[in-house]
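Working through the structure, step by step
Take a look at the letters that make up each chain.
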Amino acid sequence: MRVLANDGIAPNGKAQLEAAGFEVVTDHIPQDELMTKLNDFDVICVRSATKVRQELIDASPNLKVICRGGVGIDNIDHAYAKTKGIPTYNTPAASSASVAELVFAHFFGLSRDVQRSNFELRAEGSEFKKLKKSYAGGQQLRGRTLGILGFGRIGVEAARIAIGLGMNVLPVDLVKETEAIEIDLMGQKVMVDVPVVSMDKMLAESDYITIHVPGGNLIGEDELAKMKDGVILANTSRGGVINEDALLAALESGKVRGAALDVFVGEPNPRRDLLENPKISVTPHIGAATGEAQYNIGTELADQIIAHFKK
Ligand SMILES: O=C(O)[C@H](O)COP(=O)(O)O
């Protein structure tokens, strides 16, 4: 069996597959060449970069399994693949903690102007004392309220961190009404019941809002207007969940104090006015880019592929 890991696979996942007798190819095949080359493989593993669309599936009758090393499967025509008897496996739990930690990296940075300071203090002729004064308006996270839009695995991890920091959390979810979260405080396990609230309550009462949904257009002008003045937002889910024009306007008016964007409508070439806005903290879709997350993903992918062919 031949596996094409077109967007890479962690060494542990590759080794596990090879030990089970699979041949694993990690050379990246460009999207336009896959139409003629994917048929040489039984399995394709992708991250978010490679698209597995209907025409590619049709051009690859030997393909038996599609794997997504990560959570979102919006780059795969998985429903169509299923009609052809090809299952799609993903790794929904492996990267939750890493994504949630990235959100807080941005939140802390935005709350204390870390990003601006890194540029300004290094600049030639920068005046230390003057700069110190211009950073006087920082704010703590402790005691503030975090709104969480989407209370699945990543949303729960974000709540876990927030509660540990002494924040209040207001999650919004379509499916659940409450979640009992286990928090590990230096080895002592504490259970916290976190009730889900309405979207309007979350928007009106949150100082920080983080989004963990599969996609959609959920935050536009109307939702931004309902938020607290000076709110800080983070989107590490999918580009476009926050309308980019509406966000820029809300940053300009001061309604939104700062925003963290790991995902963009125009990936991999986001619009310059977002990248260059000093009130936006940006990262290039790296929520799952930690050694731990990729190790977990490698193990989960290998387990699923091996189990599939044992059936
Ligand atoms: O859906 C996911 O798992 C994340 O968006 C990560 O995507 P990546 O695997 O391309 O980093």
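Every residue gets a number counted from 1 within its own chain, in the order that chain's sequence is written. Whole-chain, interface and lining totals are the exception, using all residues; otherwise, since this is a predicted model, local features are given only for residues with pLDDT of at least 70 and side-chain atom pairs are given and counted only at 80 or more. Note that the side-chain values use all heavy atoms of the structure and ignore hydrogens as well as water.

On to unusual backbone geometry, then. Cis geometry marks the peptide bond from E267 to P268, where omega comes out at 5°. Mapped onto the fold, P268 is located in the loop between strand 12 (256-261) and helix 12 (272-275). One non-glycine residue, H285, adopts positive backbone phi at about 55°. Residue classification places H285 among the partly exposed residues on the basis of a relative accessible area of 26%. Secondary structure counts use DSSP, requiring at least four H or I residues in a row for a helix and at least two E residues in a row for a strand, with both numbered from the N terminus. Think of it in three bands: residues with accessible area under 20% of the maximum for their type are buried, residues over 50% are exposed, and the middle band is partly exposed, with areas taken using a 1.4 Å probe on protein chains only.

The subject of this paragraph is the sheet that holds strand 3 (residues 43-46). DSSP calls a pair of strands paired once it identifies at least 2 bridges connecting them. Spatial strand order, 2-1-3-4-5: 5 strands in an open sheet with parallel pairing. Looking at which strands have only one partner, the edges of the open sheet turn out to be strand 2 (23-25) and strand 5 (88-90). Going across the sheet, the axis of each strand differs from the next one's by a mean of 20°, ignoring polarity. Bridging between strand 4 (residues 65-68) and strand 5 involves 3 bridges; their strand directions are parallel. Its bridge partner being in strand 5, I66 is matched across the sheet by T88. Whenever a helix is involved, its axis is fitted only over the stretch in contact; in every case the axis is a line through C-alpha atoms, and angles between N-to-C directions fall within 0 to 180 degrees.

Accessible area lost when the parts come together is the quantity often used to give the size of an interface. Here the chain is described as being made up of domain 1 (2-94 + 291-310) and domain 2 (96-282). Distance between the C-alpha centres of domain 1 and domain 2: 32 Å. Residues are treated as being in contact if the distance between any of their heavy atoms lies within 4.5 Å. Counting from both sides, the interface comprises 7 residues of domain 1 and, opposite them, 4 residues of domain 2. A 1.4 Å probe defines the accessible area here, and the buried area is the portion of it lost by two parts on being joined, summed over both. For the pair domain 1 and domain 2, the summed buried surface comes to about 480 Å²; carbon and sulfur atoms form 41% of the total. Contact with domain 2 buries surface across domain 1, with D74, P92 and A93 losing the most and accounting together for 56% of the total. Salt bridge criterion: a side-chain nitrogen from Lys or Arg within 4 Å of a carboxyl oxygen from Asp or Glu. At the boundary of domain 1 and domain 2, one finds 1 salt bridge. Taking the shortest distance from any N to any O, the salt bridge between D74 and R238 comes out at 2.9 Å. Here a polar contact is taken to be a pair of N or O atoms separated by no more than 3.5 Å, where protein atoms must pair a possible hydrogen donor with a possible acceptor and residues adjacent in sequence count only if both atoms sit in side chains. At the boundary of domain 1 and domain 2, one finds 2 residue pairs in polar contact (both at pLDDT 80 or more). All domain edges in this entry derive from an automatic or database-based domain assignment.

Taken together, R47, S48, R68, G69, G70, V71, G72, R238 and H285 are the residues near the ligand. Contact distances for the ligand include 2.9 Å between an oxygen atom and a side-chain N or O atom of R47. In the environment of the ligand, an oxygen atom lies 3.0 Å from a nitrogen or oxygen atom belonging to the side chain of R68. A class-by-class count of the residues in the shell around the ligand yields 1 nonpolar, 5 polar and 3 charged. Any residue with at least one heavy atom within 4 Å of a molecule or strand is counted as near it. Residues are grouped as follows: Ala, Val, Leu, Ile, Met, Phe, Trp, Tyr, Cys and Pro are nonpolar; Asp, Glu, Lys and Arg are charged; all remaining types, including Gly, are polar.

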